[in-house]
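Observations on the three-dimensional arrangement
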Amino acid sequence: MIKVTATLCLLLSFISVGLANEKIKVMLLTGQSNKYHSWQGNSEIILHHLDAAGIFEVDTVTAPSGGEDFSGFAPKWSDYQTVVLDYDGEEWPEATKQSFVEYIKNGGGLVCMHGTNNSFAYWPEFLEMTGLGGWGGAGLYDPKLTTPAGSRNETWGPRVHWVGCQAHYDHEAKGGAYHPARHDFIMTVRDFEHPITKDLPEMWLQGHDEAYTRLRGPAKNMTILATAFANPKVRNASPTNEPILFTIAYGKGRIFQNTLGHIGARQDANVPSVNNVGFITTLQRGVEWTATGEVTIPVPDDFPNAYQTSIHPGPTEGWTNLIDPELSQWETFIGVPHATVKGLPEGTPQSDNVTKGEPLGLGNDPKNVFSTIQEDGETLLYITGEIYGGLTSKNEYENFHLQTKMRWGDKKWEPRLDAKRDSGILYHCHDEHGNFWNVWKRSLEFQVQESDLGDFIALAGPKVQAPIRMDGERKVYDLTQKFEEQKGYLHANIEPDAPHGEWNILDIYVVGDSAIHVVNGKIVMSIKGAIDKEGNPLTRGQLQIQSEAAELYYKDLKIRPLESFPEILKQKAKL
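Quantities reported herein were computed from a predicted structural model and do not represent experimental measurements.

Calculation notes
- Residues numbered from 1 in each chain as written.
- Predicted model: local features only at pLDDT ≥ 70, side-chain atom pairs only at ≥ 80, totals over all residues.
- Heavy atoms only, no water.
- Helix = DSSP H or I, 4+ residues; strand = E, 2+ residues; numbered from the N terminus.
- Buried < 20%, exposed > 50% of the residue type's maximum accessible area, 1.4 Å probe, protein only.
- Contact = heavy atoms within 4.5 Å.
- Areas by Shrake-Rupley, 256 points an atom, 1.4 Å probe, with all protein chains shown as cover.
- Pairing = 2+ DSSP bridges.
- Axes fitted to C-alpha atoms, helices over the stretch in contact; angles between N-to-C directions.
- Polar contact = N/O pair within 3.5 Å; in protein donor to acceptor, adjacent residues only side chain to side chain.
- Salt bridge = Lys/Arg side-chain N within 4 Å of Asp/Glu carboxyl O.
- 1 Å grid on protein atoms, 1.4 Å probe; cavity = no way out; pocket = protein on both sides within 12 Å on 5 of 7 lines; lining within 4 Å.
- Points joined across faces, edges and corners; volume = space filled by probe spheres on them.
- Nonpolar A, V, L, I, M, F, W, Y, C, P; charged D, E, K, R; others polar.
- Expected span 1.5 Å × (residues − 1).
- Phe/Tyr/Trp six-rings, centres within 6.5 Å; stacked < 30°, edge-to-face > 60°.
- Lys NZ or Arg CZ within 6 Å of the ring centre and 35° of its normal.
- Core = buried A, V, L, I, M, F, W, Y, C linked by side-chain atoms within 4.5 Å.
- Parallel < 35°, antiparallel > 145°, perpendicular 65-115°, else oblique.
- Left-handed = near helix turned anticlockwise from the far one by under 90°.

Notes on the overall build of the chain
Within the chain, the regular secondary structure consists of five helices and 30 strands. Considered along the principal axes of its C-alpha atoms, the chain spans approximately 95 × 50 × 45 Å. Of all 575 residues assigned to the chain, the portion counted as buried reaches 58%. Contacts in the chain between residues at least 24 apart in sequence constitute 72% of all its contacts with a sequence separation of at least 6. In the structure as shown, the chain presents an accessible area of about 22,900 Å², 47% of it carried by carbon and sulfur atoms.

Observations regarding the sheet that holds strand β4 (residues 109-113)
Reading across the sheet, the nine strands line up as β2-β1-β3-β4-β11-β10-β9-β7-β8 and stay open at both edges, with mixed pairing between neighbours. Each edge of the sheet is formed by a strand with only one pairing partner; in this case those strands are β2 (56-62) and β8 (203-209). Shown here is a sheet whose adjacent strand axes are inclined to one another by a mean of 20°, direction ignored. In the packing of helix α1 (residues 39-53) onto the sheet, contacts are made with β1 (24-30), β2, β3 (82-85) and β4, and the angle to β2 comes to roughly 165°. Along the sheet, helix α4 (residues 277-292) makes contact with β1, β2, β3, β4, β8, β10 (242-250) and β11 (253-258), crossing β11 at roughly 170°.

Re the side chain of N276
When you line up the elements, N276 lands in the loop between β11 and α4. For N276, the side chain forms a polar contact with the main-chain nitrogen of G278, separated by 2.7 Å. Excluding its chain neighbours within four sequence positions, the residues that come into contact with N276 are L205, Q206, G207, P304, T309, S310 and I311.

Focus: the sheet that holds strand β19 (residues 422-430)
Pairing is antiparallel across the open sheet formed by eight strands, whose spatial order is β14-β13-β17-β29-β19-β20-β21-β25. This sheet does not close on itself; its edge strands, each paired only once, are β14 (361-362) and β25 (489-490).

Remarks on the pattern of salt bridges
Counted by the stated rule, this structure contains 19 salt bridges. Ionic pairing is found between R159 and E242, a salt bridge with its closest N-O pair at 2.8 Å. Of this pair, R159 sits in strand β5 (residues 159-163) while E242 sits in strand β10, and the two are 83 residues apart along the sequence. Residue R159 is classed as buried on the basis of its relative accessible area, which comes to 8%. The exposure class assigned to E242 is buried, which follows from its relative accessible area of 2%. The closest approach of N and O atoms between K405 and D556, which form a salt bridge, is 2.9 Å. Within this pair, whereas K405 is found in strand β18 (residues 400-412), its partner D556 is found in strand β30 (residues 550-561), the two being separated by 151 residues in sequence. What makes K405 partly exposed here is its relative accessible area of 23%. Judged by relative accessible area, which is 29%, D556 ranks as partly exposed. In the salt-bridge network here, residues are joined through shared partners; they are K25, E57 and D59.

Some points on empty space enclosed by the protein
Applying the stated criterion to the full structure yields one cavity of 30 Å³ or more. Its volume calculated, the largest cavity comes out at about 110 Å³. Around the largest cavity, the lining is made up of 19 residues, and of these N42, D86, M113, H114 and G115 lie nearest the centre. Looking at the lining of the largest cavity element by element, the count peaks at four residues for α1. When the residues that make up the lining of the largest cavity are grouped by side-chain class, the tally is nine nonpolar, eight polar and two charged.

Brief notes about unusual backbone geometry
Of note, the bond from E414 into P415 is cis; its omega dihedral lies within 30 degrees of zero at 10°. One non-glycine residue with positive phi stands out, namely A460, at about 65°. Position of A460 relative to the elements: it lies in the loop between β21 (456-459) and β22 (463-471). The exposure class of A460 is buried, given its relative accessible area of 17%.

A look at the environment of G217
The residue G217 is located in the loop between β8 and β9 (222-229) in this model. Beyond its immediate chain neighbours, meaning those up to four positions away, G217 contacts G131, L132, W156, G157 and P158.

Some thoughts on α1
Given a rise of 1.5 Å per residue, 15 residues ought to cover 21 Å, and the 21 Å separating the end C-alpha atoms of α1 matches this to within 8%. Of all 15 residues in α1, twelve are buried, a share of seventy percent or more. Residues G41, N42, S43, I45, I46, L47, H48, H49, L50, D51, A52 and A53 constitute the buried set of α1. The first or second residue beyond α1 is G54, which carries a positive phi of 85°.

Remarks on the packing of aromatic side chains
The description of an aromatic ring pair rests on the distance of the ring centres and on the angle between the ring planes. Considering all chains together, one arrives at 23 aromatic pairs under this definition. Put simply, the rings of F70, F73, W77, Y87, W92, F100, Y103, F120, W123 and F126 touch in pairs and so form one group of aromatic residues. If you follow R407 out to its NZ or CZ, it ends over the ring of Y553, 4.7 Å from the centre. A cation over an aromatic ring shows up here: K528 above the ring of F483, its NZ or CZ 4.6 Å from the ring centre.

Concerning the side chain of R159
A distance of 3.1 Å separates the side chain of R159 from the side chain of T240, its partner in a polar contact. In terms of polar contacts, R159 uses its side chain to reach the side chain of E242, at 2.8 Å. With residues near it in sequence (within four places) discarded, R159 still touches H168, Y169, D170, R214, L215, R216, S238, T240 and E242.

Notes on the nonpolar core
Core analysis: the largest hydrophobic core is formed by 60 residues, its most contacted members being Y427 and V448. If you look at the next biggest cluster of nonpolar residues, it comprises 40 residues, including L47, W204, I263 and V274.

Focus on the environment of Q329
With respect to the helices and strands, Q329 occurs in the loop between β12 (320-321) and β13 (330-334). Between the alpha carbons of Q329 and G512 there is a distance of 23 Å; along the sequence they are 183 residues apart. When sequence neighbours within four positions are dropped, the list of residues in contact with Q329 reads T320, N321, L322, I323, D324, T392, S393, K394 and Y397.

So, the packing of α1 against α4
A pair of packed helices is characterised by two quantities: the angle between their axes and the separation of those axes. One can describe the packing of α1 onto α4 by two numbers: an axis separation of 10 Å at closest approach and a directional angle of 70°. It follows from the interaxial angle that α1 and α4 lie roughly perpendicular. α4 is crossed by α1, and the crossing has right-handed handedness. Where α1 approaches α4, its residues I46, H49, L50, A52 and A53 are matched on the opposing element by F279, I280, L283, Q284 and V287. For the contact of α1 with α4, the residue count by class is eight nonpolar, two polar and no charged.

Below you can see the structure in the form of structure tokens.
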């Protein structure tokens, strides 16, 4: 048996945890970076963290690659409340530039990420919108020279740093921008009332990142929110506090520049700099503020302090893939074949009532109800549904985050030809096979059924506490109610299913005797106080994936340890 207990504090590969409220529309514009950065890694982690916040709907707009034709590049800015600009590259068409300026002037939001301030060095409006910038990048050149220019110097504007209790604008200092090597450095909040930095600790340790130094620019209408002080022992460390998080007012627009979050050209989204809770929190809060002028995202309990960083696993770290072509981590238990099933070995018992009779049992799957197929280079779990059955994990799990994608096939079988397509993911499975309907174990179920994804069922004896209201004879999940003891079937109050044949993203979060069900980024169920038939706390067990008379597919089935619920998810689920 395997006990899964390693630390995980957040988050959530490519899902959000919002409720049914309307989300903030965000454009993530990316597609180019200079030779020192990875725009692919930057964009992946930005999307990952914004999805995890649960309040954003993000569309990614990818600019043409270097040297390609930009004449048709014309994003529709007005469709979005804010733009997250992760771009360090070639010039845009003049019409695109002008439409972007008008968008910001008229109240659009802008978040400028890390190396983005290297772009558009000769676009005056962009310089004013972003306040300060640093280096050249692909788009920085002097038309009078044949060689690329280096870092920005005094001709771009004053150098800005923090002295005493205020920002100091140095118009006399010579030289360009630079930064020390990546290391842990102290961040200090300078504006405690601004919504982005309100309630943050005065100081925190940013993990293994670049502290941009001697940035230059017009620095008009700029408010410094937080500064960095590099370790003096590190080469090229600045002796002063440098502006790292700051806002700029431009017309009616709200602009936030976040220079944190370096990902090197040969690195990916798992590096510490972009998984530090300080970076995650200021990114999420900055995007919300530029879009709405307010911040509702709370400061998480594990926010770093002045003495210790707080770094979450990267988006691809900590996961164990549960599906391989041989299904080596699973065993099959097949129930009673319906009387209409054909092609079984001679003498196989069949019945019109598949909940009674003699099951085929463990390791006996003559119809290949459970198998794998290859699709676009990926291994998919294929379930025919022709006979009731369970694909059971060989290992037991506790304190975990399980995530998968599923889609329905077209076939249905007796005894559910005229019913909704049905299946389920069972967790905390215990005792013997066949305790429920002669096939499944005692367990808690994440329902997988058309229009009922994420409903909860207690199979063969367990009980839980959940907030429920009655809708006729239906028990419906309702967070306005108290958590009280429940058993049997609990219905979600929303139906976030994708259309038939499209992939749904399913997430199960389990901590101790509590669990949260998430479907396509929306919380549909939360339970706590799970107990087994004898009244003992139910906190661990095997997994089972059902075959229940409907054809379906799973992919990207994976699990990782979870020490506590992600803070936002915990608050929304009221656990």
